[in-house]
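Each chain, letter by letter, is given below.
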Amino acid sequence: MSLITDKARRSVLDEAERLRLLSSTERDLIRLVHEPGFSRWLDQIKSIGGCAHPIYLAGHTTTRDAITGEVLRHYDTSSEPGGRMPVRCRNRRETRCAPCSYLHAGDTFHLVRSGLLGGKGLSDGVRHHPRLFVTLTAPSFGAVHRASDADGGICRPRRDGGLCDHGRPLGCGQRHAETDSAVGQPLCRDCYDYPGHVLWHASAGKLWNRYCHMLRRHLATAAGITQTRLREHLAVSFAKVAECQQRGAVHFHAVIRLDGPGGPSSPPPLWATTDRLTDAVRSAHTFVEVRTPYSPATGERVIRWGEQFDVRPIRSEAFTESIAITDSAVAAYVAKYVSKSVGDSGGVDYRIQDFESIRLAPVNSHLRTLMATCWRLGGLPELGALNLRAWAHTLGYRGHVLTKSRQYSTTYEALRAVRADYQGGGRFALESREIVTESIWRYVGSGHSPAEAELAYGIAEDLAALRVIRKELMEDGTVSGCANIW
Ligand SMILES: [Zn+2]
Ligand SMILES: [Zn+2]
Ligand SMILES: [Zn+2]
């Protein structure tokens, strides 16, 4: 008898000891799985793709027949776990939320692709319009270390005795891997034109606008008409993405398309060929410039594009030539960059409040100097219009990652609305009636507890693995049609 009691006591003690040894995440997990709504919570997190920072809302939506007042649909969070429901954070950055950035990249893919191939409300005719994929870069602000390319080239060959004014070698002569922390760093920090770099960033948006303007002017000149009359003949539309290089300089990849005067659904005039567009894109690149406000500290700078410049015609999949790239390749390329923030290779993804936080920012010394230069120049009244302090975290660049002209294609909002309809279902049954919807929602919290974060991560991983399998099966031809990898 006493033996059994001892055994029981020991097992109770073991249990207590075991709990004590558990990590806080494991203890949190035990709490979580014992909550009454646990399996429903798992379903909810699955339905938002394992979002890493969900927003929790509480409230209800009621849809009634406008005439009879009959309740057609009612959803209330009072029956949900914790009386709330999670929605996606929708962050486009991979470093913040991998599943949402994936979804955003997918939307970007469709947004860019429909501008090239039609679909999502856009005429299929756009695939026959002249379309170019253009890369525009910033000029050099000083020599930086370069990664070896595929043929193992060395970084800036050294010439004996070549020193800069600060006594530092003008060459490097080493081989750097892509991941080497030296890549993108200046050979001499004192020679590097930091003010020029941040002033270029601050003017890049204006340079792009002026570039588009000049492009239209060059097209008009080529056709022998005035610029004002150009819009009676054609429209230029574009989608562009900003990417940050390792040296901390932004460059742009843009899809530029010619439409007729009625937009995507109307064909451009016969004279508006891919070659004409290429010529206009090239000459505008050479001539366009913006001048910065004068400051005794920086002088007046002339802002131009860098010499590195690439123009490629975009062909539909079926007619690919060696120098051309395909519609889908362009869309995938652009989508990939949208999930990166400027903070991924330059700057940080939060605003800088004071000079001290630049000192503490988790960036290399080159980027820190760029941020400090923004702060210093941003304090000069004559450069106030450039807002350099407010954009010190993005090294002075204040544009969006993705921008597009109104006529280019669909919008993120439209793509989300389609998805919401698809997920919500039931809409079709209501279409023939006149309805009123009342929605009351409030924010009640966000984010995961440690165990919730682990489980959400697992769900996101499973979904990602599933996509890979599905994609492989599609490539094998085992599955076709509806499996949408994006
Ligand atoms: Zn998310
Ligand atoms: Zn080097
Ligand atoms: Zn130097």
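Let me begin by describing the structure that accompanies this report. (Residues numbered from 1 in each chain as written. Chains lettered and ligands numbered in written order. Predicted model: local features only at pLDDT ≥ 70, side-chain atom pairs only at ≥ 80, totals over all residues. Heavy atoms only, no water.)

For the zinc ion (ligand 3), the full set of protein donor atoms is Cys 164 (SG), His 166 (ND1), Cys 188 (SG) and Cys 191 (SG), at a range of 2.0 to 2.3 Å. Every donor counted, the four donor atoms about the zinc ion (ligand 3) form angles of 104 to 115° at the centre, which fits tetrahedral coordination. One chain supplies every donor to the zinc ion (ligand 3), and in sequence these donors are spaced C-x1-H-x21-C-x2-C. You can call Cys 188 buried: its relative accessible area is 6%. (Donors = N, O, S within 2.8 Å, 3.2 Å for Na, K, Ca; no water. Tetrahedral: all angles 85-135°; square planar, octahedral: opposite > 155°, others 65-115°. Buried < 20%, exposed > 50% of the residue type's maximum accessible area, 1.4 Å probe, protein only.)

Most often, soluble globular proteins keep nonpolar side chains buried together rather than apart. The biggest cluster of nonpolar side chains holds 61 residues, and the ones touching the most others in it are Val 134, Tyr 211, Ile 256, Val 281 and Trp 305. Where this core is concerned, the elements lending two or more residues are strand 4 (131-136), helix 5 (194-223), strand 5 (235-244), strand 6 (250-259), helix 7 (274-287), strand 9 (309-315) and helix 11 (365-378). No other element matches the 14 residues that helix 5 contributes to this core. Residues Leu 116, Phe 133, Ala 331 and Leu 402 belong to the second largest nonpolar core, which totals 19 residues. (Core = buried A, V, L, I, M, F, W, Y, C linked by side-chain atoms within 4.5 Å. Helix = DSSP H or I, 4+ residues; strand = E, 2+ residues; numbered from the N terminus.)

Attention now goes to the packing of aromatic side chains. One pass over the full model with this rule turns up eleven aromatic pairs. Taken together, a centroid distance of 5.8 Å and an interplanar angle of 85° make the contact between Tyr 211 and Trp 305 edge-to-face. Placement of Tyr 211 in helix 5 and of Trp 305 in the loop between strand 8 (302-303) and strand 9 is noted, with a sequence separation of 94 residues between them. For the ring pair Phe 252 and Tyr 397, a centre distance of 6.0 Å and an interplane angle of 55° mean the geometry is tilted. (Phe/Tyr/Trp six-rings, centres within 6.5 Å; stacked < 30°, edge-to-face > 60°.)

This part covers the pattern of salt bridges. Per the stated rule, a full pass over the model turns up twelve salt bridges. Ionic pairing is found between Arg 31 and Asp 28, a salt bridge with its closest N-O pair at 2.8 Å. Note that Arg 31 and Asp 28 are positioned in helix 2 (residues 24-33) at a spacing of three residues, about one turn of the helix. In this structure, the salt-bridge partner of Glu 356 is Arg 359, at a minimum N-O distance of 2.8 Å. Of this pair, Glu 356 and Arg 359 both sit in helix 10 (residues 355-360), separated by three residues, roughly a single helical turn. Relative accessible area serves as the criterion here: at 40%, Glu 356 is assigned to the partly exposed category. Looking at Arg 359, the relative accessible area reads 53%, which means it is exposed. (Salt bridge = Lys/Arg side-chain N within 4 Å of Asp/Glu carboxyl O.)

Moving on: the coordination of the zinc ion (ligand 2). Distances from the zinc ion (ligand 2) to its protein donors, His 145 (ND1), Cys 155 (SG), Cys 172 (SG) and His 176 (NE2), fall within 2.0 to 2.3 Å. Coordination geometry of the zinc ion (ligand 2): the four donor atoms subtend angles of 104 to 113° at the metal centre, consistent with an arrangement described as tetrahedral. In primary-sequence terms, the residues that donate to the zinc ion (ligand 2) follow H-x9-C-x16-C-x3-H. One end of the pair, His 145, is in the loop between strand 4 and helix 5; the other, Cys 155, is in the loop between strand 4 and helix 5, with ten residues separating them in the sequence. For the residue pair His 145 and Cys 155, the accessibility class agrees, reading buried in each case.

Within the secondary structure, Val 87 is located in strand 3 (residues 85-87). According to the relative accessible area criterion, Val 87 is partly exposed, its value standing at 26%. For Val 87 and Ile 55, which are 32 residues apart along the polypeptide, the C-alpha to C-alpha distance reads 5.3 Å.

The next thing to look at is helix 3 (residues 38-47). Given 3.6 residues per helical turn, the α-helix brings residues three or four places apart onto the same face. Among the residues of helix 3, Phe 38, Trp 41, Gln 44 and Ile 45 are the ones counted as buried. Buried positions in helix 3, seen along its axis, are confined to an arc of 115° and lie on one side of it. Facing away from the buried side of helix 3 by over 90 degrees, the exposed positions are Ser 39 and Ser 47. Phi turns positive one or two residues past the end of helix 3, at Gly 49, with a value near 70°. (Arc of directions from axis to C-beta.)

Taken by themselves, the reported measurements are silent on function.
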